[in-house]
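Residue-level structural notes
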Amino acid sequence: NAGVTQTPKFRVLKTGQSMTLLCAQDMNHEYMYWYRQDPGMGLRLIHYSVGEGTTAKGEVPDGYNVSRLKKQNFLLGLESAAPSQTSVYFCASRPGQGIRETQYFGPGTRLLVL
Amino acid sequence: AQSVTQLDSHVSVSEGTPVLLRCNYSSSYSPSLFWYVQHPNKGLQLLLKYTSAATLVKGINGFEAEFKKSETSFHLTKPSAHMSDAAEYFCVVNTLYNQGGKLIFGQGTELSVKP
């Protein structure tokens, strides 16, 4: 199993450009998450999904959109990138709704917006 | 609401000496707590998790953590630090499924290990 994979690993954008980050998991997990990591702030939740076809807002959703058309994929879109979106983005997944379940993280995508 | 506070943003120890990374939590129900480690420019790796089966939890690489309900703490310890332990450590609390089962992260503690 590859686990959780993210594409791309690194990207540079100009302000106003758009892009999509892809997260894929091969563990048949129901729940998927997008976080961003900024220095001194830990990880903050952007959006999440509790199953195919569902999405919900997290702590910092503004400027991002998501889609979960297939169970194994969770896409994060930036319609018009801003320098404040420079960050490291992590995707995660977990099997289901049990509170004791572990989230498994992807390797991250570094995004620089100029 | 659930929250975690990591009491030290940076901890520095000498190789071979004990490590203590402190974490306090707040939860309105019996919590599920985790410690993750992140090495420079890497993803997050699960060190250990508390699932109410035992208050002393053993993890990978010699780390362990003790859940103390009376003190609302979940401190991470290791008897003897190794150079490879230098990394950032996150204390994390889980939420209920009706809150999306999302994780709430502490701000992180950067561990430095001196030779």
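You'll find the structure just up there.
In this report, the structure presented in the accompanying data block is examined. Keep in mind that this is a model prediction, so the values were computed, not measured.

The rules behind these values
- Residues numbered from 1 in each chain as written.
- Chains lettered and ligands numbered in written order.
- Predicted model: local features only at pLDDT ≥ 70, side-chain atom pairs only at ≥ 80, totals over all residues.
- Heavy atoms only, no water.
- Contact = heavy atoms within 4.5 Å.
- Buried area = accessible area lost by both parts, 1.4 Å probe.
- Salt bridge = Lys/Arg side-chain N within 4 Å of Asp/Glu carboxyl O.
- Polar contact = N/O pair within 3.5 Å; in protein donor to acceptor, adjacent residues only side chain to side chain.
- Helix = DSSP H or I, 4+ residues; strand = E, 2+ residues; numbered from the N terminus.
- Nonpolar A, V, L, I, M, F, W, Y, C, P; charged D, E, K, R; others polar.
- Buried < 20%, exposed > 50% of the residue type's maximum accessible area, 1.4 Å probe, protein only.
- Pairing = 2+ DSSP bridges.
- Axes fitted to C-alpha atoms, helices over the stretch in contact; angles between N-to-C directions.
- Phe/Tyr/Trp six-rings, centres within 6.5 Å; stacked < 30°, edge-to-face > 60°.
- Disulfide = S-S within 2.5 Å.

1. Regarding the interface of chain B and chain A
Taken together, the 29 residues of chain B in the interface contact 24 residues of chain A. Taking both sides of the interface into account, the surface hidden between chain B and chain A amounts to around 1900 Å²; carbon and sulfur atoms contribute 53%. Counting every contact that joins chain B to chain A gives zero salt bridges. At the boundary of chain B with chain A, the tally comes to seven residue pairs in polar contact (both at pLDDT 80 or more). Elements supplying a minimum of two residues to the side of chain B that touches chain A: strand 5 (33–38), strand 6 (44–50), strand 10 (87–94) and strand 11 (103–105) of chain B. The residue makeup of the side of chain B that touches chain A, split by class, is twelve nonpolar, 14 polar and three charged.

2. Section: the pairing of strand 1 (residues 3–6) of chain B
All names here are of chain B. Judged by which residues are buried, strand 1 turns out to be one-sided: Val4 and Gln6 face inward and are buried, whereas Ser3 and Thr5, on the alternate face, are not. One ladder, built from four bridges, connects strand 1 with strand 4 (residues 23–26); its direction is antiparallel. What sits directly across from Gln6, in strand 4, is Cys23.

3. Here we look at the sheet that holds strand 8 (residues 73–78) of chain A
Residue and element names in this part refer to chain A. Read from one edge of the open sheet, four strands run 1-3-8-7, paired in antiparallel fashion. In this open sheet, the two edge strands, each paired with only one partner strand, are strand 1 (4–7) and strand 7 (65–67). Adjacent strand axes in the sheet meet at a mean angle of 20 degrees, parallel and antiparallel pairs treated alike. Where strand 1 lies against strand 3 (residues 19–25), four bridges are found, and the strand directions are antiparallel. In the sheet register, Val4 faces strand 3, and the bridge partner there is Gln25.

4. Focus on the pattern of salt bridges
Applying the stated criterion across every chain yields a total of seven salt bridges over all chains. For A:Asp38, the salt bridge is made with A:Arg44, and the minimal N-O distance between the two is 2.8 Å. An identical accessibility class is assigned to A:Asp38 and A:Arg44; each is buried. The partner of B:Lys78 in a salt bridge is B:Asp85, and the shortest N-O contact between them spans 2.8 Å. Across this residue pair, the class does not change: B:Lys78 and B:Asp85 are buried. The network of salt bridges with common partners includes A:Arg36, A:Asp38 and A:Arg44.

5. Re the packing of aromatic side chains
What characterises a pair of aromatic rings is the spacing of the ring centres plus the angle enclosed by the ring planes. Under the defined criterion, the tally for this structure stands at 14 aromatic pairs over all chains. Taking the centre distance of 5.7 Å and the plane angle of 40 degrees together, the rings of A:Tyr35 and A:Phe105 count as tilted. Residue A:Tyr35 is found in strand 4 (residues 31–37), and its partner A:Phe105 is found in strand 10 (residues 104–105); the two are separated by 70 residues along the sequence. You'll find A:Tyr35 and A:Phe105 in the same group, each marked buried. Measuring from ring centre to ring centre gives 4.0 Å for B:Tyr50 and B:Phe67, while their planes differ by 15 degrees; the resulting arrangement is stacked. Taken together, the residues B:Tyr50 in strand 6 and B:Phe67 in strand 8 (residues 64–68) connect sequence positions 17 residues apart. Grouping residues by exposure puts B:Tyr50 and B:Phe67 together as buried.

6. Some points on the state of the cysteines
The tally for this structure, following the rule as stated, stands at two disulfides over all chains. What pairs with A:Cys23 in a disulfide is A:Cys91, and their sulfur atoms sit 1.8 Å apart. Its S-S torsion of about -75 degrees marks the bond between A:Cys23 and A:Cys91 as left-handed, since a negative value means left-handed. With A:Cys23 in strand 3 and A:Cys91 in strand 9 (residues 87–94), this residue pair connects regions lying 68 residues apart in the sequence. Given a relative accessible area of 0%, A:Cys23 falls into the buried group. Residue B:Cys23 pairs covalently with B:Cys91 via a disulfide, S to S 2.0 Å. Because the sign of the S-S torsion sets the handedness, a value of about -65 degrees for the bond joining B:Cys23 and B:Cys91 places this disulfide among the left-handed ones. Of this pair, B:Cys23 sits in strand 4 while B:Cys91 sits in strand 10, and the two are 68 residues apart along the sequence. As far as the burial class goes, B:Cys23 and B:Cys91 line up, both buried.

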